[in-house]
Amino acid sequence: MEYQVRNISPDNFEQCIKCTICTVYCPVLAVNPDYPGPKQAGPDGERYRLKNPVFYDSALKYCLNCKRCEVACPSNVKIGDIIQRARMRYDGSPIKLRDRILANTDFMGSAASAMAPVVNFMLRRRVVKAAMGSILEIDRHREFPEYSRKTFESIYRKLADSQSAYRRRVAYFHGCYVNYNYPQLGLDLIRIVNAAGYGVDLLEKERCCGVAKIANRLFDRARADARHNMEAVRKATARHEDVLFTGSTCVFTMRDEYPHLLDTANADVRDSLMLATVWLARKVASGDIRLVFRPDYRKRITYHTACHMQKLGWAIYSIDLLKSIPGVTFVPVDSQCCGIAGTYGFKKENYVTSQAIGAELFGKLRRAAPDVVATDCETCKWQIESNTGLAVANPISIIAEALDYDATRRANL
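Sequence positions are assigned chain by chain, starting from 1 and proceeding in written order. Two thresholds apply to this predicted model, a pLDDT of at least 70 for residue-level local features and 80 or more for giving and counting side-chain atom pairs, whereas whole-chain, interface and lining totals are computed over all residues. In computing side-chain values, all of the structure's heavy atoms are included and hydrogens and water are not.

A.B. asks: Help me understand the packing of aromatic side chains, please; the structure alone is not making it clear to me.
C.D. replies: Here the distance between the centres and the angle between the planes together describe a pair of aromatic rings. Each Phe, Tyr or Trp ring, with Trp reduced to its six-membered ring, pairs with another whose centre is within 6.5 Å; inter-plane angles below 30 degrees give stacked pairs, above 60 give edge-to-face pairs, and intermediate values give tilted ones. Evaluation of the coordinates by the stated rule reveals 10 aromatic pairs. Relative to Y172, the ring of F152 has its centre 5.8 Å away and its plane inclined at 85°; by these criteria the two rings are edge-to-face. Residue F152 is found in helix α9 (residues 152-156), and its partner Y172 is found in strand β1 (residues 168-173); the two are separated by 20 residues along the sequence. Side by side, F152 and Y172 carry an identical accessibility label, which is buried. Consider the rings of F346 and W382, whose centres lie 6.3 Å apart with planes at 85°: the pair is edge-to-face. A residue pair is termed long-range when its members are at least 10 positions apart, and F346 in the loop between β6 (328-330) and α19 (351-368) and W382 in helix α20 (residues 378-388) qualify at 36 residues. Judged by relative accessible area, F346 falls into the buried class, the value being 5%. Categorising residues by exposure relies on relative accessible area from a 1.4 Å probe, with only protein chains included: less than 20% of the type maximum marks a residue as buried, more than 50% marks it as exposed, and the intermediate range marks it as partly exposed. Take W382: its relative accessible area is 17%, and that puts it in the buried class. Taken together, the aromatic side chains of F144, Y177, Y182, F346 and W382 make up a single cluster linked through ring pairs. A ring has a charge above it when a Lys NZ or an Arg CZ is no more than 6 Å from the ring centre and no more than 35 degrees off the ring normal. The aromatic ring of F346 is capped on one face by R142, whose charged end is 5.4 Å from the ring centroid. Starting at the N terminus, helices and strands are each numbered in turn, a helix being any DSSP run of H or I of at least four residues and a strand any DSSP run of E of at least two.

Set out below in structure tokens:
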């Protein structure tokens, strides 16, 4: 069946009223004078580019695609999408080897996991970092997340039969981070969902959500992966009520970027794609699920709202779940962009900008002095950990740690 894309054009620049609110909220413009800012790079620039492509400005590459400009825009102009579309149409510069490496997360992840102890050891060596800096232009200061010796998919295969025994089941898009770097997050989700009386199935041969390929201009590859993933989602939603995610950027990309940037329709299943904390909070609120927490659990927790979580408007669900844990002391922090923006902050030319963007946030988090910082974005986790020394965890992992599994199972029989 063919699915048509309707009424989703990002090229709505004529709705811009030139109020410049977007420039106030842009985290890049505040620290990088080479970036023209969202208004000029987006709607203003598009008027010129449509007349003559010579007006394309290569400085558009400094855009984080954080969507904070879109959140601030009173006219609902898709500023970030306009900028990314311009890069698709007009940036004809060669794609660097570094960018291809950073974009191909499945290929690099599977290769690194197969030799995880060696890869992890090498990525910590100064001489290796220096070589990557000079040869690949990956900044030598950047810390890489460790790779897991076993992928989440290989671990899940041993659990698949037990999951099919549940009458009610959800599907799970685990993403590259869970599969190659931190399978424990996926296992935490399964334990919570099982305790609530649901089984967890994986999507059929999922591919990377595509955000890294979009950021690094491998648009045709990203589009092919998007269409593959949407067919897998449609097969899953025919058998399950929802498709859950533990990464905010993965779900944002598949819900909001697929139609706007990759011309891949999703309107028929979009509402079934949701972050795990959203699904869980809604089930708890409706009385369909009860969560029972350990009486001895005690943690001082703050929450960082990742940029794409702010765009989705879903941070309140994660925060409410954390606050519902009796032993949690919740410390609110006014979140700002952390600056890493996926692969953006790994690039040598962006490192100083990335760090400058996140500096104020790092100070706020250190002053809050939590036992753990909660966030739904894995790259925010890497950036905050490496710059503050604080422990950072996904809300799902915190809930899993605090949950009384036996009591929760009994409550949901």
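A.B. asks: I keep staring at the packing of α19 against α20 and nothing clicks. Help me out?
C.D. replies: Packed helix pairs are specified by the crossing angle of their axes together with the interaxial distance, meaning the distance between the axes. Interhelical geometry of α19 versus α20 gives an angle of 70° and a closest axis separation of 10 Å. One finds that α19 runs roughly perpendicular with respect to α20. The crossing of α19 and α20 is right-handed. When α19 is examined against α20, the residues S354, Q355, F362, L365 and R366 are found in contact with a partner set consisting of Q383, I384, N387 and T388. Split into classes, the residues belonging to the contact of α19 with α20 amount to 3 nonpolar, 5 polar and 1 charged. Think of each axis as a best-fit line through the C-alpha atoms, taken over the contacting stretch in the case of a helix, with angles from 0 to 180 degrees between the N-to-C directions. Here is the rule for angles: anything less than 35 degrees is roughly parallel, anything more than 145 is roughly antiparallel, 65 through 115 is roughly perpendicular, and the remaining ranges are oblique. Each helix crossing is assigned a hand: it is left-handed if the near helix lies turned anticlockwise from the far helix by less than a right angle, otherwise right-handed if that turn is clockwise. For this analysis, residues touch if any pair of their heavy atoms sits within 4.5 Å. Basically, the charged four are Asp, Glu, Lys and Arg, the nonpolar ten are Ala, Val, Leu, Ile, Met, Phe, Trp, Tyr, Cys and Pro, and anything else, Gly included, counts as polar.

A.B. asks: Looking at this structure, I do not really get the packing of helix α16 (residues 276-286) against helix α18 (residues 315-323). What am I missing?
C.D. replies: Contact pair α16 / α18: the axes reach a minimum separation of 8 Å and the direction vectors enclose 60°. Put simply, α16 runs oblique to α18. Handedness of the crossing formed by α16 with α18: left-handed. Residues T277, V278, L280, A281 and R282 of α16 form the contact with α18, whose own contacting residues are Y317, S318 and L321.

A.B. asks: It is not clear to me how the pattern of salt bridges should be interpreted in this structure. Could you clarify?
C.D. replies: Should the charged atoms of two oppositely charged side chains come close, the side chains can pair. Take a side-chain nitrogen of Lys or Arg and a carboxyl oxygen of Asp or Glu: if they are within 4 Å of each other, that pair is a salt bridge. According to the stated counting rule, one finds 34 salt bridges in the structure shown. One salt bridge in this structure joins R294 and D296, with 3.0 Å as the shortest N-O distance. The class of R294 is partly exposed, set by a relative accessible area of 29%. Look at D296 and you get exposed, because its relative accessible area is 53%. Between E385 and K381 there is a salt bridge, and its shortest N-O distance comes to 2.7 Å. Of this pair, E385 and K381 both sit in helix α20, 4 residues apart, which is roughly one turn of that helix. Looking at K381, the relative accessible area reads 16%, which means it is buried. Sharing partners across several salt bridges, the network here consists of E14, K18, K39, D44 and R47.

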